[in-house]
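One letter stands for each residue in the lines below.
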Amino acid sequence: MIIKKVAESKFNDSVFDTKAFGSEFSDHMLIAHYKDGKWSEPEIRPYGPISLTPAAMSFHYGQTIFEGMKAYKNENDEVFIFRPEKNFERFNLSASRLNMPEVPKEIFIDGLKTIVDIDRQWVPKNYGTSLYIRPVMFATEETVSARAANEYIFAILLAYAPSYYEKPLSVKIADFYSRAAQGGVGFAKCGGNYAASFFPAAEVQKEGYDQIIWTDSISHKYIEEAGTMNVMVRIGNKLLTAPTSERILNGVTRDSVLTLAKDAGYDVEIRPVEVQELYDAYKSGELKEVFGCGTAVVITQYNAIGFGDERAQLADLPEEESFALSLKKKLKDIQYGLVEDPYQWRVKIEK
Ligand SMILES: *Cc1c(COP(=O)(O)O)cnc(C)c1O
């Protein structure tokens, strides 16, 4: 690994005053080039712009994938990342679906550990705050010929993730648009999935909702994901979520929350969840909670659900009765190194 450090760090404490997520980048970035069938030696160098031609293929044909994870600091200034192997595996799954080259572990995992170590002062210490880690790969070959590219850049960027007041949101259940199709790329973290979701998201915002609950593209009868998160519902005391599939992304948070829920003795069921079942449960007062799971916010509660023209308002639960809040605390306490980690999910960044 080639390491070229900044002459002088731009870090100062006001970096952590930023309220915006993911826009205050650290001193360094990692860059590796893929060309002639192989990866270059990765280079960690000062963060900043790179030069690309407008003919770079990712701008035209959308071969671009990414990952998202976080680094946390505990009271003793130890830095941890959470289950990075999962993100590494998923990155290469996304790569192969988009017909992009896989990134070797020595570049992805070793690169990650090295850059987080170098920029460890950028990892904030307050509960709820973290340093967001964004691995990304995009096609750089210069041609407008429609085919898979032969040249790519892999990069790792680090940006401050503030904690924000997490109020419950409202979601509309999709009855026309879809996020993912059978046989498509829904399980991959590729840029196009996001691009395709912004317009439907803006439409529901006009109706006064914050996000969308995506349903299956064929019948719109089954719920799949919420915004860019996996979705879970609680009916009575049962926690339900759909199995992952070609259309449903295999979230690390989803997997971790399910493990914690099972180990806490909750009644967990992984099976397709029908919109009608949710509606019936709402009508009978059994729909207790609906929430999304993802790295950015861990768990987002939804207290209003749009079924067609009907806006269903969920009753407020006392905090200590909420599955969502209890699972969120359990997971965050592990991530922030406040409790034992029986699952060995934390990976310490050695100095
Ligand atoms: C990233 C993402 C998730 C959440 O995955 P985590 O690994 O928990 O961050 C869920 N759904 C979609 C569509 C995503 O892009």
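Each remark here, short or long, concerns the structure printed above.
Thresholds applied
- As a convention, each chain's residues are numbered from 1 in the sequence order in which they are written.
- For a predicted model such as this one, the threshold for reporting local features is a pLDDT of at least 70, and the threshold for listing and counting side-chain atom pairs is 80 or more; totals across whole chains, interfaces and linings nevertheless cover every residue.
- Excluding hydrogens and water, the side-chain figures rest on all heavy atoms present in the structure.
- We call a residue near a molecule or strand whenever a single non-hydrogen atom of that residue lies within 4 Å of it.
- Throughout this description, a polar contact denotes any pair of N or O atoms lying within 3.5 Å of each other; where both atoms belong to protein, one of them has to be capable of donating a hydrogen while the other can accept it, and for residues adjacent in sequence the pair is counted only when both atoms sit in side chains.
- Note on areas: Shrake-Rupley, 1.4 Å probe, and residue coverage restricted to the protein chains presented here.
- Helix and strand labels come from DSSP, where a helix needs a run of H or I of at least four residues and a strand needs a run of E of at least two; each type is numbered from the N terminus.
- Note on residue categories: nonpolar means Ala, Val, Leu, Ile, Met, Phe, Trp, Tyr, Cys or Pro, charged means Asp, Glu, Lys or Arg, and polar means any other residue, Gly included.
- We define a salt bridge as a side-chain nitrogen of Lys or Arg found within 4 Å of a carboxyl oxygen belonging to Asp or Glu.
- Each residue's exposure class comes from its accessible area (1.4 Å probe, protein chains only) as a fraction of the maximum for that residue type: buried when under 20%, exposed when over 50%, partly exposed otherwise.
- Pairing between strands is defined by DSSP: at least two bridges between them are needed.
- Take the residue count of a helix, subtract one, and multiply by 1.5 Å to get its expected span.
- Here the bend at a residue is taken as the angle between two axes, fitted respectively to the seven residues that end there and the seven that start there.
- Any two residues whose heavy atoms approach within 4.5 Å at even a single point are treated as in contact.
- Comment: arc refers to directions from the helix axis out to C-beta atoms.
- Convention adopted: a line fitted to C-alpha atoms gives each axis, helices being fitted over their contacting stretch, and angles between N-to-C directions are expressed from 0 to 180 degrees.
- Each helix crossing is assigned a hand: it is left-handed if the near helix lies turned anticlockwise from the far helix by less than a right angle, otherwise right-handed if that turn is clockwise.

Comments concerning the site of the ligand
Next, step 1: By nearness alone, 14 residues border the ligand, and K189, Y194, E225, T253 and T295 come closest of all.
Next, step 2: K189 is positioned with one of its side-chain polar atoms (N or O) 2.7 Å from an oxygen atom of the ligand.
Next, step 3: A distance of 2.6 Å separates an oxygen atom of the ligand from a polar atom in the side chain of T253.
Next, step 4: The fraction of the free accessible surface of the ligand (380 Å²) that becomes covered by protein chains is 97%.
Next, step 5: For the shell around the ligand, the elements supplying multiple residues, two or more each, are β13 (229-235) and α5 (252-263).
Next, step 6: Residues that form the shell around the ligand fall into these classes: four nonpolar, six polar and four charged.

Details of the pattern of salt bridges
Next, step 1: Within the structure shown, the criterion is met by 20 salt bridges.
Next, step 2: When the shortest N-O distance is used, the salt bridge between K4 and E43 registers 3.3 Å. Taken as a pair, K4 in the loop between β1 (2-3) and β2 (28-35) and E43 in strand β4 (residues 43-46) lie far apart in primary sequence, 39 residues in all.
Next, step 3: A relative accessible area of 45% places K4 in the partly exposed class.
Next, step 4: With a closest N to O distance of 2.6 Å, E269 and R271 form a salt bridge.
Next, step 5: The class for R271 is partly exposed, based on a relative accessible area of 25%.
Next, step 6: Overlapping salt bridges bring together K238, E269, R271 and E277 as one network.

Some details on the pairing of strand β17 (residues 287-294)
Next, step 1: Across the eight residues that make up β17, a large majority, seven, are buried.
Next, step 2: Sheet analysis places β13 next to β17, joined by six bridges and oriented antiparallel. Residue V231 lies in a different strand from β17, and its bridge partner there is G292.
Next, step 3: Taken together, the five bridges between β17 and strand β18 (residues 298-307) define a ladder with antiparallel strand orientation. If you follow G292 over to β18, its bridge partner there is T300.
Next, step 4: Hairpin remark: β17 followed by β18, antiparallel, with three residues in the connecting loop.

Quick look at helix α4 (residues 191-206)
Next, step 1: Over its 16 residues, α4 extends 24 Å from the first C-alpha to the last, a length consistent with the 22 Å expected when each residue adds 1.5 Å.
Next, step 2: In the structure, α4 departs most strongly from a straight axis at F198, where the bend amounts to approximately 30 degrees and where the proline P200 lies between one and four residues downstream.
Next, step 3: Listing the buried residues of α4 in full gives N193, S197, P200 and V204.
Next, step 4: Elements in contact with the buried residues of α4: β10 (169-173) and β11 (211-215).
Next, step 5: Within two residues after α4, G208 carries a phi angle of roughly 90 degrees, on the positive side.

Things to note about the side chain of E289
Next, step 1: Its place among the elements puts E289 in strand β17.
Next, step 2: Accessibility expressed as a relative area gives 5% for E289, which makes it buried.
Next, step 3: Polar side-chain contacts of E289 include one of 2.7 Å to the backbone nitrogen of F323.
Next, step 4: At 3.1 Å, the side chain of E289 forms a polar contact with the backbone nitrogen of A324.
Next, step 5: Sequence-distant contacts of E289, that is, excluding residues within four places in its chain, are made with M232, V233, R234, Q301, L314, L317, E321, S322, F323 and A324.

Considerations on helix α6 (residues 275-283)
Next, step 1: Along α6, the positions that sit buried rather than exposed are V275, L278 and A281. Along the axis of α6, the buried positions cluster into a sector of 130 degrees, meaning they face one direction only.
Next, step 2: A positive phi of about 80 degrees marks G285, the residue just after α6.

Description of the packing of helix α2 (residues 84-97) against helix α3 (residues 105-118)
Next, step 1: In the contact formed by α2 and α3, the axes pass within 11 Å of each other and the chain directions differ by 145 degrees. You can see that α2 and α3 cross each other, and the crossing is right-handed. Residues P84, E85, N87, F88 and F91 of α2 touch α3, and the partners they reach there are K105, F108, I109 and L112.
Next, step 2: Considered class by class, the residues forming the contact of α2 with α3 number six nonpolar, one polar and two charged.

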